[in-house]
Amino acid sequence: MDVADRLDAGERLSFDDGIRLFEAPDLLAVGWLANRERERRHAGDTFFNHNIRIEATNVCVASCLFCAFARLKPGDPGAYTMSLEQVWDKLRQRQDQSVTEIHVVNGLHPDLPFSYYLELLQGFKRIRPDVHLKCFTAVEIAFFADLYGMSDKQVLLELRDAGLDSLPGGGAEIFAERVRRKISHDKCGTERYLAIHRTVHRLGMRSNVTMLYGHIETPAERLDHMLRARDLQDDTGGFQAFIPLAFHPDNNQMRKLPAPTAADTLRVHAVARLLLDNIPHIKAFWIATGVDVAQAALWFGADDLDGTVHEERIYHMAGARTPEGMTTNEIGRLIRAAGRRPIERDTLYNVLSVPV
Ligand code: V47
């Protein structure tokens, strides 16, 4: 039975089906199937939110080969760590805007006290009690637990008490051991990443899961990654979105590799939509894919574009030529220009507005 027949029969796709989808010469046929799934779930609706990205420090003890953002030690050229006041100012500067989410991703800083992170969250909620705090990857949670001598769950509980609402999906990279050992050998491993998301879900919070693709991973390793996310989701149902992240090769130790092609990006989004039958949203992170390809991805399985972002650093230090942020009007316009219907959502996918 071929993949299309299995989908017609309502069957769940297997690893082998995924390989067929990656190998199929007819990209448009793969996209057509993914688009059909997307439209079954969301019709033409395309979600985005009004968020800001804050990276409070780029000091990081890990040395991931793909990263252009991190600096090993405080005082190294280009290293920075914001004071809490500087971080809070990023939100205060947008007091007149309807920002609904703050997405924080930091380096793994060896010297900051845990109170820095707790106060960071408390301060955001003081300034804006209704803002959703999507902060710290599972890799950061694991790092805090080891550094401050706590369990992963204790860290999460204390952060939640301080205002944490959900976890972003960063730090997943590629789950397969062969790749992880090469590209990010000195940070939290796959089992712990997944265990932390499991705990997050058990505590009643939501999270996302990402996949960094287009470097040294094989199609089989991409599928292994997707299926591990699918297995966890079968148990918990706590992932909201799967986010393929296109590798950017500038200013990092993998700079000899080419960036993934647009065709590959479209296929990855399509295969994710078809394999991940239990994850509601496939996000095309426009900062990573580029705006044009993100628009096309909306016909290849993706139904979400992340958000306005503002001041993104991780991709721009790795060579992204996308804008560093957009207004909600601009995102609405580009979704409409792609032939889809923009829907402004909050982090938990409650509909806030349908721009006219
Ligand atoms: O984990 C770092 C990736 C991630 C590069 O949860 C790179 O809603 C490509 O996870 N080329 C952080 N990718 C960003 C992230 C994210 C983004 C948007 C939405 C959400 C969400 C999460 O960025 C890292 C890593 O996988 N990354 N450097 C690079 N050179």
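See the structure above.
Residues numbered from 1 in each chain as written. Predicted model: local features only at pLDDT ≥ 70, side-chain atom pairs only at ≥ 80, totals over all residues. Heavy atoms only, no water.

1. A word on the packing of helix α6 (residues 138-148) against helix α9 (residues 190-202)
The cut-off we apply is this: To get an axis, fit a line to the C-alpha atoms, keeping to the stretch in contact for a helix; angles then go from 0 to 180 degrees between the N-to-C directions. Secondary structure follows DSSP: runs of H or I at least 4 residues long count as helices, runs of E at least 2 residues long count as strands, and numbering of each begins at the N terminus. Note on terminology: angles under 35 degrees are roughly parallel, angles over 145 are roughly antiparallel, angles of 65 to 115 are roughly perpendicular, and the others are oblique. Contacts are residue-level and defined by heavy atoms, with any inter-residue pair within 4.5 Å sufficient. Nonpolar residues are Ala, Val, Leu, Ile, Met, Phe, Trp, Tyr, Cys and Pro. Charged residues are Asp, Glu, Lys and Arg, and all others, Gly as well, are polar.
Axis separation between α6 and α9 bottoms out at 9 Å; the angle between their running directions is 95°. Classified by the angle their axes make, α6 and α9 are roughly perpendicular. Every residue of α9 that contacts α6 at Ala138, Ile141, Ala142, Ala145 and Asp146 is listed here: Arg192, Tyr193, Ile196 and His197. Residues of the contact of α6 with α9, tallied by class, amount to 6 nonpolar, 1 polar and 2 charged.

2. Observations regarding the nonpolar core
We apply this condition: In this text, buried Ala, Val, Leu, Ile, Met, Phe, Trp, Tyr and Cys residues form a nonpolar core when linked through side-chain atoms within 4.5 Å. Relative accessibility under 20% of the residue-type maximum defines a buried residue, over 50% an exposed one, and the middle range a partly exposed one, all with a 1.4 Å probe and only protein chains included.
In this structure, Phe124, Phe136, Leu159 and Met226 are the most contacted members of the largest nonpolar core, which totals 119 residues. Once you skip the residues sitting within four places of it in the chain, Leu159 turns out to touch Phe114, Tyr117, Leu118, Leu121, Phe136, Ile141, Phe144 and Leu164.

3. What about the site of the ligand?
Short version of the rule: Any residue with at least one heavy atom within 4 Å of a molecule or strand is counted as near it. Any N or O atom pair separated by 3.5 Å or less is treated as a polar contact, with the protein-specific requirement of one donor-capable and one acceptor-capable atom, and with residues adjacent in sequence counted only for side-chain atom pairs. Working definition of accessibility: Shrake-Rupley area with a 1.4 Å probe, residue cover restricted to the visible protein chains.
As a matter of local geometry, the ligand sits amid 24 residues, with Lys134, Gly169, Gly171, Glu173 and Lys283 nearest to it. Here an oxygen atom of the ligand and a side-chain polar atom of Asn208 are 3.0 Å apart. Burial of the ligand by the surrounding chains reaches 97%, relative to a free accessible area of 620 Å². Of all the secondary structure elements, the ones that give two or more residues to the shell around the ligand are β6 (206-213) and β7 (239-246). Residue classes in the shell around the ligand are distributed as 11 nonpolar, 8 polar and 5 charged.

4. Some thoughts on helix α2 (residues 15-23)
Taken together, the buried positions of α2 are Asp17, Gly18, Ile19, Leu21 and Phe22. On its buried face, α2 sits against α1 (3-8), α3 (27-42), α10 (219-236) and α11 (262-275).

5. Comments concerning the pattern of salt bridges
Selection criterion: A pair is scored as a salt bridge if a Lys or Arg side-chain nitrogen falls within 4 Å of a carboxyl oxygen belonging to Asp or Glu.
The final tally for this structure, using the stated rule, is 32 salt bridges. The partner of Asp45 in a salt bridge is Arg341, and the shortest N-O contact between them spans 2.9 Å. You can see Asp45 sitting in strand β1 (residues 45-49) and its partner Arg341 sitting in strand β10 (residues 341-345), a full 296 residues away along the chain. For Asp45, a relative accessible area of 19% gives the class buried.

6. Some remarks on the sheet that holds β10
Hydrogen bonds along the backbone pair up the strands of a sheet, which may run parallel or antiparallel. Worth spelling out the cut-off: At least two DSSP bridges between two strands are needed for those strands to be called paired.
In space, the 4 strands of this open sheet follow the order β9-β1-β10-β11, with mixed pairing throughout. The open sheet has two free edges, formed respectively by β9 (304-307) and β11 (351-353), since each of these has just one partner strand. Between one strand axis and the next, the sheet turns by 40° as a mean value, whatever way the strands run. Where β10 meets β11, 2 bridges bridge the pair, whose relative direction is antiparallel. Bridge assignment links Glu344 to a residue of β11, and that residue is Ser353. Sheet contacts for helix α14 (residues 328-337): β1, β9 and β10; angle to β10, the most-contacted strand, approximately 145°.

7. Concerning the packing of aromatic side chains
As a reminder, the rule being used: Aromatic contacts are taken between Phe, Tyr and Trp rings whose centres are within 6.5 Å, Trp giving its six-membered ring; a plane angle under 30 degrees counts as stacked, one over 60 as edge-to-face, and the others as tilted. Any Lys NZ or Arg CZ found within 6 Å of a ring centre and within 35 degrees of that ring's normal is scored as a charge over the ring.
In this structure the tally under the stated criterion is 11 aromatic pairs. Judged by centre distance (6.5 Å) and plane angle (75°), the ring pair of Phe69 and Tyr80 falls under edge-to-face. Taken together, the residues Phe69 in the loop between β2 (51-54) and α4 (84-92) and Tyr80 in the loop between β2 and α4 connect sequence positions 11 residues apart. The exposure class assigned to Tyr80 is buried, which follows from its relative accessible area of 17%. With 5.3 Å between their ring centres and 80° between their planes, Tyr116 and Tyr117 make a pair best called edge-to-face. By the burial criterion, Tyr116 is buried, and Tyr117 matches it. What links up through ring pairs into an aromatic cluster is the set Phe114, Tyr116, Tyr117, Phe136, Phe144 and Tyr148. The ring of Trp88 carries Arg126 above its face, with NZ or CZ at 5.5 Å from the centroid.

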